[in-house]
Amino acid sequence: MAASMFFVIRSSVAVAGGDDAAAAYKFKEMPIAMPPGYESRKMNTIRTVNPAYEKIRAWISSVGASIAINDVTGHGLADGMCIVDTRTDSVVVTWTPTAPEADRFTPFVLDGKPLPMDDTMAPTGCTPGDFNGDGRTDFLVTYWGRTPILFMAKADAATPSPEAYAARELVPSESLDGRYHGPRWNTDAAYVGDLDGSGHPSIIIGNYFPDSDVLDPQGIRNVQMNDSLSSAKNAGGDHVLRFHSSTAGNEPDARFIEEKDAIAFDASTGWTLAIAGADLTGDALPEVYIANDFGHAHLLHNVSTPGRIRFEEATGERTPTTPKSFVLGKGSFKGMGVDFGDVDANGSFDMMVSNITVAWGLEESNFLWINQAKNQDEMKRKLSAGIAPFTQEAADHGVAWTGWGWDAKMGDFLNNGQQNILQADGFVKGDIDRWPWLQEMAMTNDDLLSNPKIWPNVGPGDDLAGDDVMGFYARTADGKFANISKQLGLAVPIPTRGIATADTTGSGALDFAIARQWGPPAFYANQSPALGHDLTLRLYRPAPGATAGQGLTATGAPAYGATVTVTTADGKKQIGQLDGGGGHGGFRSFDVRFGLGTQSGPVTADITWRDATGGVHTKTQQLTAGSHTLMLTDDIKEVAAR
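Note that this is a predicted model, so its numbers are computed, not measured.

Student: Give me the overall build of the protein chain: which residues, what numbers.
Tutor: The secondary structure content of the protein chain amounts to seven helices and 40 strands. At 23 Å, the protein chain has a C-alpha radius of gyration in line with the 26 Å of a compact globule built from 642 residues. Of the contacts made within the protein chain by residues no fewer than 6 positions apart, 64% connect residues no fewer than 24 positions apart. Counting only carbon and sulfur atoms, one obtains 51% of the accessible surface of the protein chain, whose full area is about 23,000 Å². The distance from the centre of the 51 positive side-chain charges to the centre of the 77 negative ones in the protein chain is 1 Å.

Printed below as a string of structure tokens:
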């Protein structure tokens, strides 16, 4: 009977046509340049933790790897990288293997000192961005053990280097003795976007463990685990930080104010692993999806005004045939990653959410939330009424089961007008299968779970989904997705965490990089033999007082929140956005890309953006295929790319 059930389940999950779909793709793994002498450093495989966590230290050591691709030099190409390598607890800034010589520099490590730093802190994410609007790329680095640090690019820096950035506290903190006395945040997610429509980027920080000494081997036993496997709310939760003011020059800074009531308390105390956002209603304010481990996710309708950030939660509607966990906002699954994208190419944003989907383990389901609103006006009416008009269709589309999922990213790797879905995967790699213990724990009384002593041992050598490989989903001839990572040579059995995507060469080919937990990061250059035409938009706002081309200064500041809807000659629509940064551990470039297939244009592009003072503008442009650099003020002007 067990064997029969196995083959029935296997056949119900399998998607035909994967081999044929894979034939159109080709990727080449290329070596990533690391700082001089980096490979000779000690490479760790597990963390030192609070004594209360010692028996589950491999579990506690299961996150932190991160990767991002963006324009670091200001030369106009997204060919710089920021990597969090858990093996050394380092934040590495380097260039993509495809970068031209002019964009190459000596790779280096970002060090938070002279700000207070110690061995009880570890970096968990690196988000590129322009946080003071001076046209230079800064880095937001998150940690376990402290609040985040902004590494702000200096005006006189000629090339990326350790000296080119000034370390600034994101959350004000004072130290008279050189030691850290601020909150012990344990951050696993960050989202950057113009949340209040002020024309400036604000930040949401998602914390996992409550503020506590997670990585301090001498720390007090003030730590805990989740108080439920399906509705935990005793975590560090979410902090909304509104942009207040900034300075540029050789002493750059950006100051933020925490909006403590921006998210209702009940929706802000989950074990957050991923955050993403997109403008669902057409008002140039991003809605936000918070993916929480051990329970409910939250879709937040943005009702902010300049200088005041506020969100209202919207949830899905349940029908007689809808399982409770398939109602948006009511699910009990383990949300690990989220991305917005136009899955069905109809001009509206959908969402892909990663969960734990291990066969014969915790076999939940990924979520593919398909947008059911007829238009943005209907979406606004629904969200304003507290209703999230999305249906969960992961199984129907072939993306329900991957493994122990983490970051998810969508992108068109063939430029054929269809999104691919990439998914990081895997948990703890070892030699001893601990699934029986985990299954037993899954049946434990929730009242006991918050005590780490109740948890089964998960230490060095133990394995939980350690051989899971990343997912690369492509459309088959019948329209379903098939996971073709094995056919493409991407099925490396090392747990992965973050995914970054970018056209790193400016050729129209979308590349990607992936962060591995306790393994080296990897970069994959897109060498697919028959790419379609693409439309790639680099969208800027003016950077007052800065001159493009000087040092690290780009054409302008990224137009956070800009949304583009493209209509091709055959009447098909696609929607995309300038993503300021979101997901779990992986951050795409600021380019807004569309695959056009055989059409070279012109295509109709409806662009909505906010200017530097927060004013909303919408304009229609006729654009041909290829790359366009657009300056957005109260109008749109095409400018020369750097």
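Student: Any details on the nonpolar core? Residues and values, ideally.
Tutor: Counting 58 residues, the largest nonpolar core has Trp 59, Trp 404 and Phe 472 as its most contacted members. Elements with a minimum of two residues in this core: helix 3 (57–60), strand 14 (271–278), strand 23 (420–425), helix 6 (435–442), strand 26 (471–475), strand 29 (511–516) and strand 30 (522–526). Of all hydrophobic cores here, the second largest spans 36 residues; its members include Leu 140, Met 152, Ile 203 and Ile 205.

Student: Just give me the short version of the sheet that holds strand 23, but keep the residues and values in it.
Tutor: Spatially, the four strands line up as an open sheet ordered 22-23-26-27, and their pairing is antiparallel. Because the sheet does not close on itself, it has two edges, and the strands there are strand 22 (405–411) and strand 27 (481–483). Across the sheet, the axes of successive neighbouring strands diverge by a mean angle of 25°, strand direction being ignored. With three bridges connecting them, strand 26 and strand 27 associate as antiparallel partners. The residue bridging Ala 474 from the neighbouring strand is Ala 482, located in strand 27.

Student: Residues and numbers for helix 4 (residues 376–384), please.
Tutor: Spacing of three or four residues puts side chains on the same side of an α-helix, whose turn is 3.6 residues. For helix 4, the full list of buried residues reads Glu 378, Met 379 and Leu 383. One face of helix 4 carries all of its buried residues, which in axial projection span an arc of 130°. Exposed side of helix 4, more than 90 degrees from the buried face: Asp 377 and Arg 381 are the residues found there. Buried residues belonging to helix 4 abut strand 15 (287–293), strand 16 (298–302), strand 17 (311–314), strand 20 (367–371) and strand 21 (390–392). One side-chain oxygen of the residue at the start of helix 4 lies 3.1 Å from the amide nitrogen of Asp 377, identifying that residue as Asn 375. Two residues or fewer after helix 4 comes Gly 386, characterised by a positive phi angle close to 85°.

Student: Could you give me a rundown of the state of the cysteines, with the residues and numbers involved?
Tutor: On inspection of all chains with the given rule, the structure shows one disulfide. Disulfide pairing is shown between Cys 82 and Cys 126; the S-S distance is 2.0 Å. Around the S-S axis, the bridge from Cys 82 to Cys 126 shows a dihedral of about 90° and counts as right-handed. With a gap of 44 residues between them, Cys 82 in strand 3 (residues 80–85) and Cys 126 in strand 6 (residues 122–129) connect regions that are remote in the sequence.

Student: Could you give an account of empty space enclosed by the protein, with specific residues and numbers?
Tutor: Per the stated rule, a full pass over the model turns up eleven cavities of 30 Å³ or more. Approximately 310 Å³ is the volume attributed to the largest cavity. Taken together, 22 residues make up the lining of the largest cavity; nearest its centre are Met 410, Gln 419, Gln 577, Arg 588 and Arg 593. Listing elements by their share of the lining of the largest cavity, those giving two or more residues are strand 18 (337–341), strand 22, strand 28 (496–502), strand 34 (573–577) and strand 36 (592–597). Its residues assigned to classes, the lining of the largest cavity shows eight nonpolar, seven polar and seven charged. Looking at which element gives the most residues to the lining of the second largest cavity, the answer is strand 31 (residues 533–541), with four residues.

Student: Go over the sheet that holds strand 19 (residues 350–354) with me, naming the residues and quoting the values.
Tutor: As summarised here, the arrangement of the four strands in space is 18-19-20-21, forming an open sheet in which the pairing is antiparallel. The strands lining the two open edges of the sheet, one partner per strand, are strand 18 and strand 21. Averaged over all pairs of adjacent strands, the angle between their axes in this sheet comes to 20°, without regard to strand direction.

Student: Explain the side chain of Arg 475 to me, using residue names and the numbers behind them.
Tutor: Here Arg 475 shows up in strand 26. Leaving out residues up to four positions away in the same chain, Arg 475 has contacts with Ala 21, Val 343, Asp 344, His 397, Gln 418, Lys 480 and Phe 481.

Student: Summarise the pattern of salt bridges; cite the residues concerned and give the values.
Tutor: As enumerated under the stated definition, the model contains 20 salt bridges in all. One salt bridge in this structure joins Lys 334 and Glu 364, with 2.6 Å as the shortest N-O distance. Within this pair, whereas Lys 334 is found in the loop between strand 17 and strand 18, its partner Glu 364 is found in the loop between strand 19 and strand 20, the two being separated by 30 residues in sequence. The exposure classification of Lys 334 matches that of Glu 364, with both residues buried. Put simply, Arg 588 and Asp 339 hold a salt bridge, and the shortest N to O gap is 2.7 Å. Residue Arg 588 is located in the loop between strand 35 (586–587) and strand 36, and its partner Asp 339 is located in strand 18; the two are separated by 249 residues in the primary sequence. The buried category is assigned to Arg 588, whose relative accessible area is 14%. Overlapping salt bridges, with partners in common, bring together Arg 242, Glu 259, Asp 261 and Arg 310 in one network.

Student: Any details on the layout of surface pockets? Residues and values, ideally.
Tutor: If you add up the space inside the second largest pocket, you get close to 650 Å³. Taken together, 26 residues form the lining of the second largest pocket, with Thr 88, Asp 89, Asp 118, Asp 119 and Met 121 sitting closest to its centre. Put simply, the parts of the chain that give the lining of the second largest pocket at least two residues each are strand 4 (90–95) and strand 6. Its residues assigned to classes, the lining of the second largest pocket shows twelve nonpolar, six polar and eight charged.

Student: So what about helix 6? Which residues, and what values?
Tutor: Of the positions making up helix 6, those classed as buried are Trp 435, Leu 438 and Met 441. Considered in projection along helix 6, the buried side chains sweep an arc of 120° and stay on one side of the axis. For helix 6, the exposed residues lying more than 90 degrees away from the buried face are Pro 436 and Glu 440. Those residues of helix 6 hidden inside the fold are in contact with helix 3, strand 24 (432–433), helix 7 (446–449) and strand 25 (462–463).

Calculation criteria
Residue positions within a chain follow its written sequence, with the count starting from 1. It should be noted that, the model being predicted, local features are given only for residues of pLDDT at least 70 and side-chain atom pairs only at 80 or more, the latter also being counted only at that level, while totals for whole chains, interfaces and linings use all residues. To obtain the side-chain values, all non-hydrogen atoms of the structure were used and water was disregarded. Where helices and strands are cited, they refer to DSSP runs of H or I of at least four residues and of E of at least two residues respectively, numbered from the N terminus. A radius of gyration in this sense is built from C-alpha atoms; the matching globule rule multiplies 2.2 Å by the number of residues raised to 0.38. What makes two residues a contact is simply this: any of their non-hydrogen atoms within 4.5 Å. Surface accessibility follows the Shrake-Rupley procedure with a 1.4 Å probe radius. Residue values consider only the protein chains on display as shielding. Charged residues are defined narrowly, with Lys and Arg counted positive, Asp and Glu counted negative, and His plus the chain ends left uncounted. A charge is said to be at NZ when it belongs to Lys, at CZ for Arg, at CG for Asp and at CD for Glu. Buried Ala, Val, Leu, Ile, Met, Phe, Trp, Tyr and Cys residues that are joined via side-chain atoms within 4.5 Å together make up what is termed a nonpolar core. The rule is simple: take the accessible area with a 1.4 Å probe, protein chains only, and divide by the maximum for that residue type; under 20% is buried, over 50% is exposed, in between is partly exposed. Strand pairing requires that DSSP identify at least two bridges connecting the strands. A fitted line through C-alpha atoms represents every axis, and for helices the fit uses only the stretch in contact; the resulting angles, taken between N-to-C directions, go from 0 to 180 degrees. In this description, the arc belongs to the directions extending from the helix axis to the C-beta atoms. Counted as a polar contact is a pair of N or O atoms within 3.5 Å, where, for protein atoms, one must be capable of donating a hydrogen and the other of accepting one, and residues adjacent in sequence contribute only when both atoms are in side chains. Any two cysteine sulfur atoms lying within 2.5 Å of each other are counted as a disulfide. With a 1 Å grid laid over protein atoms only, a set of points is called a cavity when a 1.4 Å probe fits there but cannot get out and a pocket when it is open yet has protein on both sides within 12 Å along at least five of seven lines; lining residues have an atom within 4 Å of a point. Grid points are joined across faces, edges and corners, and a volume is the space filled by probe spheres set on the points. In this count, Pro and Cys sit with the nonpolar residues alongside Ala, Val, Leu, Ile, Met, Phe, Trp and Tyr, while Asp, Glu, Lys and Arg are called charged and the others, Gly among them, polar. For this analysis, a salt bridge means a side-chain nitrogen from Lys or Arg found within 4 Å of a carboxyl oxygen belonging to Asp or Glu.

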